[in-house]
Each structure stands twice: as C-alpha cells, then as structure tokens.
Amino acid sequence: MPDTATSAEFAPADFAPALLAWYDRHRRVLPWRAPPGQRADPYRVWLSEIMLQQTTVAAVKDYFLDFTRRWPTVADLAAAPVEEVLGAWAGLGYYARARNMHRCAVLVVERHGGVFPSDEAELRQLPGIGDYTAAAIAAIAFDRPAAVMDGNVERVMARIFAVETPLPPAKPILKTHAAALTPRRRPGDYAQAVMDLGATICTPRSPKCILCPWSIPCRARKRGIAEDLPAKLAKAAKPTRRAVAFWLTDGRGHVLLRRRPPKGMLGGMMEFPSSAWLEQPMPELAAVLAEAPGGTGWRLLPGLVRHGFTHFDFELTVAAGRLVGPVEGGILISLDQLGEAGLPTAMWKIARHALRHLE
C-alpha cells in the first residue's frame, strides 16, 4: 500500500496481498524453508517446527542440518535407536520433545506409510503435535488455509488489533483474528510471512513500524502502544530444587554416567548420578551419601552449579569421589569422550564445574 493511503482504504482483503508482497522481497532464507515456487517437504517442516518450540532459529539451525544429514527422511529417523536421537538432540532442551518426535516418526511410518497426513485433525493425533504444529505443517507443507499461531504471530495480531487482554487469556481472541486474515491463496507463504514479520519487523522491543507492510491499519501503532503489546500476566515465582551431584572417577581418566528413567525430567538422557531433586535447603553431603553410586573419599567441591528449567530452577553442589569395586547401574566413560555421550546442558555445567575445581 502507498504511504499516502488512509486506514479506511486498507480493507481486510488488503492484508494478505500487502504482506505477501513484502514477503516476496524480504523472506528469510532458512535451511528448512523451500525455495520460492517449490512445495515444502513435510518431514523438514515437521522437524523444524518441533525443534523451534521454546527456542530460537539461531539455536536450531545446526541441529536441523545435523539431523537431516543423519536421517534424511522420516523413515530413517524412525529406524534410528531412540538413544541415538536423544544424543543428537542434547543441548536443545525440553527432552520430552525428542522422545515424542521419535515416536511420531515411528507412527508416521507404521500408520501412514511414511507420509505425513495433510489434515490438521489427523496431524494432532500424532505424538508431540499440538494445535500450532499441526497448523504449521498443514499450511506450510500442504498449503492448507490454517491459522498458525506462534509467539511471533500472537505479537503481530495483538498489535494490529490493539488487543490489550493479557496472555495467555488473549490466545483465543488472537487466534480468531489470525484465522480471519488467513487467505485461501498462498496460505503457506502467508503463514511464514507473518512469522517473518514478527521475527524481523514487529519485534518485542523497538518494532520497526516504518518498515511494516501493515503499519497503516495497525491500531496499536496509531495509539502509540505497540511496544506495550502483547500484555502478559505476571509470572509466578519458580521454585528451586536442590541436589548433590556425584562426580565419581576411577583414577584412569574415566567418570561414571548413568541413564535417567525414560519418563520425567531429562527422560532417557545420560547424567551424572545425583541425590533426589527436592525443594528444600541444600542437603549436607553426609545426609545423601546413601544415594551415592558407591565410591569413597567423597568431598564437596566449592561453589554451586545453577540451571534453569521451565518450571523450576536447579542448584547443585558437586561431590567428587573415587570408584571402588565394580560399576553398577552406570557406565564409565573417558573424559575425552564426554562430547559423544549426548549430555544435556545441565550435565555439561556439572562437568565443567568439576573439571575446573579438580585440575
């Protein structure tokens, strides 16, 4: 739309064409995104959307390239051992996503012949695929007119329509607005365009309203409240869980690791053994030695290891000890092989802390 246009001249039918014209000039180049004019691969769309949950494009790019190199198709991923998939996922966080992703790949192969369904309702029946991911796959991979709602789209809709109801209660309102603007022509490109708009123009802070293809009808811009939206309810304080991590070595440059139970936090991932994670003051070493995996000569290392999970903060002290007798319930791994163990970020923090104080 020309700069001289008034809001009255910007009809609802103008929204999608204006945004798509902007997108055709400014679309981001992403490793999972199909080139202009080509249909996206549903497997790559699904994989990228699962990876992008609760994280950033920058954090995901290398993981996506590694996964598609190792497992080029959904059938390849389904055939891979889940432990190998979890190891490749290590560092992305929210590890239940990786387990659900592997289960989803298996079911796509077993129930759908290795072909993702194009219908949102069918997609939602698969593990790890909720409303947002189902809509994203339907729109981007199959060009269905589905209303895709991620954080970027929520922010854009809240500003365009000046929705001052805070999140999360505002989600149904924003979804209604997003659905009303979703076109039947090029809905896949439109979905990616709205996400790009939120990521590059309608940013959380200092939105570049002068460059926005929707600046004319944007109600929040007119009222000077764009940067205040979307409003959010105050978050409740997160609890803190505490534990003692056990760094147990055999004197030959090996350290003990074990695999966590398949369900629960860091399900199925490798870890350094620890006492129970409890919401109480930091336990004394003597009080938790019964939970230690054998060993002798235990001593606490100075300082704390801190890590933030979604629903709680985590604090640990690290106790170092020497292995005596055979290993039970774990494996010994050389320190120079730790990088191959698929350790989650919290465990890497423990390793760095121990190595720093034991050098």
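Per chain, residue numbering runs from 1 following the sequence as it is written. Since the coordinates come from a predicted model, pLDDT governs what is reported: local features require at least 70, and pairs of side-chain atoms require 80 or more to be given and counted, while whole-chain, interface and lining totals use all residues. Derived side-chain values reflect all non-hydrogen atoms in the structure, with water molecules and hydrogen atoms excluded from consideration.

Draft legend 1. Layout of the pattern of salt bridges. The salt bridge definition used is simple: a Lys or Arg side-chain nitrogen within 4 Å of an Asp or Glu carboxyl oxygen. Here the structure, examined in full by the defined rule, presents 16 salt bridges. With a closest N to O distance of 3.3 Å, Arg-252 and Asp-250 form a salt bridge. Where salt bridges share partners, they join Asp-24, Arg-186 and Asp-189 into one cluster.

Draft legend 2. Examining the environment of Pro-31 more closely. Looking at the element boundaries, Pro-31 is found in the loop between helix 1 (15–26) and helix 2 (42–52). A relative accessible area of 25% means that Pro-31 is categorised as partly exposed. Separated by 156 residues in sequence, Pro-31 and Pro-187 have C-alpha atoms that sit 20 Å apart. When sequence neighbours within four positions are dropped, the list of residues in contact with Pro-31 reads Arg-44, Lys-61, Phe-64 and Leu-65. The numbering of helices and of strands both runs from the N terminus, where a helix is a DSSP run of H or I of at least 4 residues and a strand a run of E of at least 2. Residue burial is assigned from relative accessible area. The probe radius is 1.4 Å, only protein chains are included, and a residue is buried under 20% of its type maximum, exposed over 50%, and partly exposed in between. Here, residues are in contact when the closest pair of their heavy atoms is within 4.5 Å.

Draft legend 3. Structural detail: the packing of helix 9 (residues 151–160) against helix 11 (residues 187–200). Axis definition: a line fit to C-alpha positions, over the contact stretch in the case of helices; interaxial angles, taken between N-to-C directions, run 0 to 180 degrees. Viewed as axis vectors pointing N to C, helix 9 and helix 11 meet at an angle of 80°, and their least axial separation amounts to 8 Å. By the angle class used here, helix 9 and helix 11 are roughly perpendicular. Residue-level inspection shows Asn-152, Val-153, Arg-155, Val-156 and Met-157 of helix 9 in contact with helix 11, the latter providing Tyr-190, Val-194, Met-195, Leu-197, Gly-198 and Ala-199. Looking at side-chain class alone, the contact of helix 9 with helix 11 contains eight nonpolar, two polar and one charged residues. Between 65 and 115 degrees an angle is taken as roughly perpendicular, under 35 as roughly parallel, over 145 as roughly antiparallel, and anywhere else as oblique. Three residue categories are used. Nonpolar comprises Ala, Val, Leu, Ile, Met, Phe, Trp, Tyr, Cys and Pro, charged comprises Asp, Glu, Lys and Arg, and polar comprises the others, including Gly.

Draft legend 4. Expanded view of the environment of Gly-113. Relative to the helices and strands, Gly-113 resides in the loop between helix 6 (96–112) and helix 7 (120–124). As a C-alpha pair, Gly-113 and Ala-75 span 38 residues in sequence and 9.1 Å in three-dimensional space.

Draft legend 5. Local environment of the side chain of Arg-155. Considering the arrangement of structural elements, one finds Arg-155 in helix 9. His is not counted here, nor are the chain ends, while Lys and Arg score as positive and Asp and Glu score as negative. In this structure Arg-155 is buried but unpaired, with Asp-150 as the nearest side chain of opposite charge at 7.4 Å. When sequence neighbours within four positions are dropped, the list of residues in contact with Arg-155 reads Gly-198, Ala-199, Cys-202, Thr-203, Pro-204, Leu-229 and Pro-230.

Draft legend 6. Layout of the packing of aromatic side chains. Aromatic pairing here means that ring centres of Phe, Tyr or Trp (its six-membered ring) are within 6.5 Å. Orientation follows from the plane angle: under 30 degrees is stacked, over 60 is edge-to-face, and everything else is tilted. Within the structure shown, the criterion is met by 15 aromatic pairs. Relative to Phe-314, the ring of Phe-309 has its centre 6.0 Å away and its plane inclined at 45°; by these criteria the two rings are tilted. A residue is classified by how much of its surface remains accessible, and Phe-314, at 1% relative accessible area, is buried. Of note, Arg-241 hangs over the ring of Phe-312, and the distance from its end group to the ring centre comes to 4.0 Å. Criterion for a charge above a ring: Lys NZ or Arg CZ within 6 Å of the ring centre, and within 35 degrees of the ring normal. In this arrangement the basic side chain of Arg-260 is found over the ring face of Trp-277, its NZ or CZ atom lying 4.5 Å from the centre.

Draft legend 7. Fine view of the environment of Phe-314. With respect to the helices, strands and loops of the structure, Phe-314 is situated in strand 6 (residues 313–322). When the C-alpha atoms of Phe-314 and Trp-277 are compared, they prove to be 8.2 Å apart, with 37 residues separating the residues in sequence. Residues within four places of Phe-314 in sequence aside, it is in contact with Arg-241, Ala-243, Trp-277, Val-305, Arg-306, His-307 and Phe-309.

Draft legend 8. Up close: the confidence of the model for the chain. Per residue, pLDDT measures the predictor's confidence, with a range of 0 to 100. Chain-level pLDDT for the chain is 91 on average; 97% of the residues reach the 70-or-more range. The lowest-confidence element of the chain is strand 7 (residues 331–334), averaging 90 in pLDDT; the highest-confidence one is helix 4 (residues 74–79), averaging 97. Below pLDDT 50 for its whole length, residues 1–8 participates in 10 contacts with residues either more than four positions away or in separate chains.

Draft legend 9. Fine view of the nonpolar core. Trp-46, Phe-67, Met-157, Trp-214 and Phe-272 are the most contacted members of the largest nonpolar core, which has 112 residues in total. Tallying contributions element by element places helix 8 (residues 131–142) first for this core, with nine residues. Leaving out residues up to four positions away in the same chain, Phe-272 has contacts with Phe-246, Trp-247, Val-255, Leu-256, Leu-257, Leu-338, Leu-343, Met-347, Ile-350 and Ala-351. Among buried residues, the Ala, Val, Leu, Ile, Met, Phe, Trp, Tyr and Cys ones that are joined through side-chain atoms within 4.5 Å form a nonpolar core. Val-244, Phe-246, Leu-256 and Trp-298 belong to the second-largest nonpolar core, a separate cluster that totals 10 residues.

Draft legend 10. Representation of helix 1 within the structure. A helix is expected to span 1.5 Å multiplied by its residue count minus one. A rise of 1.5 Å per residue sets the reference length of helix 1, with its 12 residues, at 16 Å; its end C-alpha atoms lie 16 Å apart and thus fit the reference within 8%. Taken together, the buried residues of helix 1 touch helix 9, helix 10 (171–181) and helix 11.

Draft legend 11. Molecular detail of unusual backbone geometry. Here the bond from Leu-167 into Pro-168 is cis, since omega is 5°, no more than 30 degrees from zero. Of note, Pro-168 is situated in the loop between helix 9 and helix 10. Each neighbour pair has its own omega, and for Leu-229 with Pro-230 the value is 0°, a cis peptide bond. Within the secondary structure, Pro-230 is located in the loop between helix 12 (219–223) and strand 1 (240–249).

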